[in-house]
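Coordinate inspection notes
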Amino acid sequence: MSADSNNTKKKVVLAYSGGLDTSIIIPWLKENYDCEVIAFAADLGQGDINAKELTEKALATGASKCFVLDLRKEFLEDYVWPTLRAGAKYESTYLLGTSFARPLIAKYQVKIAEAEGAYAVAHGATGKGNDQVRFELTYAALNPSLELIAPWKDPKWTISSREEAIDYAKSRNIPLGGISKEKIYSEDGNLWHLSHEGGILEDPAVEHSYDMLQITNTLEAAPPVPEHVTITFKNGTPVSVNGMEKDSVSLLTYLNRVAGKNGCGVLDIVENRLVGLKSRGVYETPGGSLLYKAHESLEQLVLDKETLFEKQKLSMTYANLVYNGQWFTPLRQALDAFVTETQKVVTGEVKLKLYKGNIIPVEVKSPYSLYDMELGGFSDVEMYDQKDATGFIRCFGLPMKTRALLLGDKTNIDFGKTQEF
């Protein structure tokens, strides 16, 4: 990339975290594209992020500017809470901690590129991961005229491993912040979760000791006595803990501390990446795991069977959209409309017992409860005549009975093994 007619280098806005990959990308972009690099870092609650220190590091590494924006509130209220209300879990387990962070980061990256007159945006995601898709789909949705530079997929990029990236950083005096060839976990964190990949985790057949955990106790280190926590929801959104109203950031921060102390919210899985390969990761989502469990318990109490059934089906679609980086799509917005309608009655409180990784709902209350103690008990009540069940079952089973009567042995039903008697 050559300088323009005013001898001013063209600008590239890099999604910057201060980690290994994005740190080495700053000098790499300057060396290979002869451009001015503007770094952008989003504070999503990833530990004790220090805007001043992060800016100083970016500038010392070669950036001309560094923007650090506190997006924690927007992250939770506009990305995390909608996904929680949808009950979305990728492959029924993963709580999408990295997935819904990327569209938010990319959105502000585009805004900064437009404000700074940049011609391109860049990210440090590899060609084997999901984040490349999440970044690039957001760029395409919000400003398709911006050019893309993805170093890990660039022909000029010669680094093929994290070990080589470490060597590159050392050759240019870039601080590594505790990363070494011996402790090489790739980590991504925000207020919702902390993920760990790489190192010994690459072999799912090898047991490890969870030495990478940072915000969650191991089961062995968790307290020997249970602890209770009560979460209150209004229209599907968490609003208070133990009777104390809290803003979104304070609420999740508190739940992270309580759940983490009790060893709750550690997920160790092999997942199917969007690009077609499997990967193994350890995720710490302490507070989020409490919220999902409480929200699910409350929905069981207040949603009718058919609505809950459809919502659970659509939650899988929602999870795939988020995981695949399709946040800014009409389908995701349409699903939000459905979810919002269902959440009008998801108001109430759930008391959870936390004990050595276990999250056990022990009390669920709501003014919209559909549970009738008399109807749900074993005693006869006026509203339900047990003799009515006879006709109901006869009608419900009529297709099966008709098939058996008309086809007999032609049904080819496999009844499995039958013991002698």
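As for the pairing of strand β9 (residues 237-241)
Counted residue by residue, β9 has four buried out of five residues, so it is predominantly covered. For strand β8 (residues 227-234) and β9, the ladder comprises four bridges, and the chain directions are antiparallel. Along β9, the bridge assignment pairs Thr 232 with Ser 240. Count of turn residues in the β8/β9 antiparallel hairpin: two residues, of which Asn 235 carries a positive phi of about 55°. If you look at the hairpin formed by β9 and strand β10 (residues 244-245), you'll find two residues sitting between the two strands, and Asn 242 has a positive phi there, around 50°.

Some points on the pattern of salt bridges
In a structure, side chains of opposite charge can pair up when their charged atoms sit close to one another. Tallied over the full model, the rule gives 23 salt bridges. Note that Glu 74 is salt-bridged to Lys 107, the shortest N-O span being 2.6 Å. With Glu 74 in helix α3 (residues 72-86) and Lys 107 in helix α4 (residues 101-116), this residue pair connects regions lying 33 residues apart in the sequence. Residue classification places Glu 74 among the buried residues on the basis of a relative accessible area of 18%. Overall, the relative accessible area of 17% leaves Lys 107 in the buried class. Residue Arg 273 pairs with Glu 197 through a salt bridge whose shortest N-O separation is 3.5 Å.

Topic: the sheet that holds strand β3 (residues 65-70)
Sheets are built from strands that pair by backbone hydrogen bonding, the pairs being arranged parallel or antiparallel. Read from one edge to the other, the open sheet built from five strands follows the order β3-β2-β1-β4-β5, with strand pairing classed as parallel. In the strand order of this sheet, the two ends are held by β3 and β5 (147-149), each with one partner. Going across the sheet, the axis of each strand differs from the next one's by a mean of 25°, ignoring polarity. The sheet contact formed by strand β1 (residues 11-15) and strand β2 (residues 36-43) spans five bridges and is parallel. In the strand pairing of β2, Val 13 is matched with Ile 38. With respect to the sheet, helix α1 (residues 20-33) is in contact with β1, β2, β4 (120-122) and β5, its orientation differing from that of β1 by roughly 160°.

Calculation criteria
- Residues numbered from 1 in each chain as written.
- Predicted model: local features only at pLDDT ≥ 70, side-chain atom pairs only at ≥ 80, totals over all residues.
- Heavy atoms only, no water.
- Buried < 20%, exposed > 50% of the residue type's maximum accessible area, 1.4 Å probe, protein only.
- Helix = DSSP H or I, 4+ residues; strand = E, 2+ residues; numbered from the N terminus.
- Pairing = 2+ DSSP bridges.
- Salt bridge = Lys/Arg side-chain N within 4 Å of Asp/Glu carboxyl O.
- Axes fitted to C-alpha atoms, helices over the stretch in contact; angles between N-to-C directions.
- Contact = heavy atoms within 4.5 Å.

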